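Take a look at the letters that make up each chain.
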Amino acid sequence: MSALQIDISWSFSLEVTAIQAYRTMDNKQNRNSITSNLGHIARRCLFGILSMGPIPDHIAFIMDGNRRYSKKYNMDEGAGHKSGFIALTTMLRYCYELEVKYITVYAFSIDNFKRRPEEVNFLMELMREKIEGLIEEDSIINQYGVRVHFAGDLKLLDESVRLAAEKAMAASACNSKAVLSICIAYTSTNEIMNAVQQSCEENWDELRILDSCGAAYGLTDYSGNGDTKDRKSIVVTDIEKHMYMKVAPNPDIVVRTSGENRMSNFLLWQSAYSILYSPSVLWPEIGLRHLVWAVLNFQRNEFFVQKKKKQH
Amino acid sequence: MMKISTTLLSRAAALSLNRSTKLSSYFPNHHIHNQHLLPNNLVGPISCFWAHHSTTSANADGNLDKSPLPANLRQELMPRHVAIIMDGNGRWAAKRGHGPEVGHDAGVIAFIEVMGLCARWGIPVATFFVFSSENWRRTKAEVDFIMWRFQKMLEDELQNFIRQGIRIFTIGDTSLLPISLQEVLEHTKEATKHNTKTQVIFAVSYSGKNDIVQACQTFSKKVRNGVMEPNEVTENVIEKELETKVTSIPSPDLLIRTSGELRISNFLLWQLAYSEFYFCQTFWPDFGESQFIEALQCFQKRGRRFGKRI
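Worth saying up front: this structure is predicted, and the values here are computed from it rather than measured.

> Would you mind going over the sheet that holds strand S6 (residues 276–279) of chain B with me for this structure?
Residue and element names in this part refer to chain B. Read across the open sheet, the six strands follow the order S3-S4-S2-S1-S5-S6; overall the sheet is parallel. Each of the sheet's edge strands pairs with one partner strand only, and the pair in question is strand S3 (166–171) and S6. Taken over all neighbouring pairs, the strand axes of this sheet differ in orientation by 20° on average, direction set aside. The pairing of strand S5 (residues 254–257) with S6 spans four bridges and is classified as parallel. Across the sheet, residue leucine 255 finds its bridge partner in S6, namely phenylalanine 277. Running over the sheet, helix H6 (residues 140–164) touches strand S2 (125–132), S3 and strand S4 (198–206) and is turned about 170° from S4.

Here you go:
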């Protein structure tokens, strides 16, 4: 690289570091500064205008692009993930100010265990640290009354991470204004498989109870109705009630950053009718304008859906 | 039904007879390829039909040879399974001041063309979302028309399927379809069962959630009968029980949805876990060879990681 190119990349890195520093200060220490207050007032006006139309109940985020971000700005790989976390807290703040009740984030997939062990260990440690930070009094969770829920096969996690997750869920159980679902050690096919297994077990248990009451021999069934012709077969709601994500309704919008256009095994069942939004921006660079654009698209779509319903 | 068929027959007659530029205004965006092989004044869906047949050659057993790929597509990066949501017929027709039937009619032309392209380019599996379980909520007239038009297409194109080496499968709850259509589908599947070039799957009255539920019901019976334990129901076992078990490549590499809608709409939910999505603004009746090439080119540029990195 020439001296000029090094200077430019260095100044980019400085600029990026400055943006991250501002976001961190905005999140924590500088809430009472004039710029922060002005920004907050401007956002409230903007959200007030957006709220004249329907606001999505549930937005899901696939936080893609941390590693590419760190390569782009010549940072360490770990710094990319940390920047990603800062972007996450900023987006959560915006969503809660907009009164989006349910937010889901894809933090760590079961497939991600295939990455290099150093990266996996780093991510586990980062997640443990950040989950413990959620329980602090001045955390965003307590500020906005958010109940935290961890969705996934938590048995696959390191014990320290799993314990931190259980502690965070217990500590925020009384919060009721919003729900944050963090998908960790999660894939949708694993979630569906788990729900199918539990549905089969439950169905088997119910029929064993019927059999033990004599229902199999033409006597009254468990509820006393006397009709034993239709043995209960599994339906959609039986599977849904065993999903990890049963705490939230289906997402209205699924946002995946970095321009990739695929689900990567995230909320396949729940996003059957969701709008998919794939901005090309990398996750640590996501900003207010992307959220506003996603909500405006949702409102435009809702307008056509309501119009179609009236025609029928 | 008689009224619809009479109207359409008269329209089809008008289309076949009318070879003036008025026809090109009826289908202004329909792309015609290999026009140098055709009379200059022949445009519209009929010419597309002839274009498709005149550019292919039959070998000794009557099967069409695979055509070479367009120059900007690489054989080794071609998807093995393409899934297509054929959306936009109604809006295409509304834009031209016609009812949805005209859009569905034009959509069938595009449907036949794209199936032919899959066979020509040797794409092993192609799944088409013909009719979703939610589409039953449409007006009776529109549903009846779609069923009739689909049946007509199957009857008219059977010999072409056989010539092109296309084997037809169906997924979805076909018991809800009209009896005549069910019979024609069974006949088409039987008549094409020896074809080996391309497997074309029609998703008719299909719901991705119901697909998973029917697999679950199968396991539930086996668990009740003591044939399997609940913990033996793994992801692989579920995948092998989904309706896409008819093919050896159940998961699409590429999903194409036309008309600018950015959603999956309950289509192949499990199977699309790692598929690349391609959304285009084109309405389905306007989707032709050039749009398909563009979708495939876009697919070939993508880096697929299958979850190694999120």
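> Would you take a moment to explain the pairing of strand S4 (residues 178–186) of chain A for this structure?
Across a regular strand the side chains alternate sides, sitting on one face of the sheet and then on the other. Residues and elements named next belong to chain A. With nine of its nine residues buried, S4 lies for the most part within the structure. Of the pairings in the sheet, the one linking strand S3 (residues 146–151) to S4 comprises six bridges and is parallel in character. Across the sheet, the residue bridging to valine 148 is leucine 180, located in S4.

> What should I look at first to understand the nonpolar core in this one?
Soluble globular proteins tend to bury their nonpolar side chains together. Formed by 52 residues in total, the largest nonpolar core has its most connected members in Phe61(A), Tyr96(A), Ile103(A), Phe150(A) and Ile184(A). Beyond its immediate chain neighbours, meaning those up to four positions away, Tyr96(A) contacts Ile103(A), Ile140(A), Tyr144(A), Val146(A), Ala178(A), Val179(A) and Leu180(A). The next biggest cluster of nonpolar side chains, apart from the first, holds 48 residues, and it includes Ile84(B), Phe111(B), Phe161(B) and Phe299(B).

> What should I look at first to understand the environment of Cys200(A) in this one?
Secondary-structure assignment places Cys200(A) in helix H8 (residues 188–212). Along the backbone, Cys200(A) and Arg128(A) are 72 residues apart, and their C-alpha atoms lie at a distance of 34 Å. Discounting chain neighbours no more than four positions away, the residues touching Cys200(A) are Ile234(A), Cys216(B), Phe219(B), Ser220(B) and Val223(B).

> Would you explain the pattern of salt bridges in this entry?
Per the stated rule, a full pass over the model turns up 35 salt bridges over all chains. The shortest N-O distance in the salt bridge between Glu260(A) and Arg68(A) comes to 3.4 Å. With Glu260(A) in the loop between strand S5 (253–256) and strand S6 (275–277) and Arg68(A) in helix H3 (residues 66–72), the pair connects residues that are 192 residues apart, well separated along the chain. On the basis of relative accessibility, which here comes to 11%, the residue Glu260(A) falls in the buried class. Put simply, Arg116(A) and Glu118(A) hold a salt bridge, and the shortest N to O gap is 3.2 Å. Several salt bridges converge on common partners, so that one network encompasses Asp64(A), Arg68(A), Arg256(A), Glu260(A), Arg262(A), Glu276(B) and Arg302(B).

> What's the story with the domain arrangement of chain A in this structure? I'm lost.
One frequent convention defines the size of an interface as the accessible area lost when the parts assemble. Here chain A is described as being made up of domain 1 (11–52) and domain 2 (58–189 + 242–311). Distance between the C-alpha centres of domain 1 of chain A and domain 2 of chain A: 20 Å.

> What is the right way to look at helix H7 (residues 159–171) of chain A in this model?
Because the α-helix completes a turn every 3.6 residues, residues three or four places apart line up on one side. End to end, H7(A) covers 18 Å across 13 residues, agreeing with the expected 18 Å (1.5 Å per residue, within 8%). For H7(A), the elements touching its buried residues are helix H5 (117–134), S3 and S4 of chain A.

> Just to check I follow, could you spell out helix H5 (residues 100–120) of chain B for this structure?
All names here are of chain B. An ideal rise of 1.5 Å per residue puts 30 Å on 21 residues; H5 measures up with 30 Å between its terminal C-alpha atoms. Of all 21 residues in H5, 18 are buried, a share of seventy percent or more. In the stretch just after H5, glycine 122 is the one whose phi turns positive, near 70°.

Cut-offs applied
- Residues numbered from 1 in each chain as written.
- Chains lettered and ligands numbered in written order.
- Predicted model: local features only at pLDDT ≥ 70, side-chain atom pairs only at ≥ 80, totals over all residues.
- Heavy atoms only, no water.
- Pairing = 2+ DSSP bridges.
- Helix = DSSP H or I, 4+ residues; strand = E, 2+ residues; numbered from the N terminus.
- Axes fitted to C-alpha atoms, helices over the stretch in contact; angles between N-to-C directions.
- Contact = heavy atoms within 4.5 Å.
- Buried < 20%, exposed > 50% of the residue type's maximum accessible area, 1.4 Å probe, protein only.
- Core = buried A, V, L, I, M, F, W, Y, C linked by side-chain atoms within 4.5 Å.
- Salt bridge = Lys/Arg side-chain N within 4 Å of Asp/Glu carboxyl O.
- Domains from an automatic or database assignment.
- Expected span 1.5 Å × (residues − 1).

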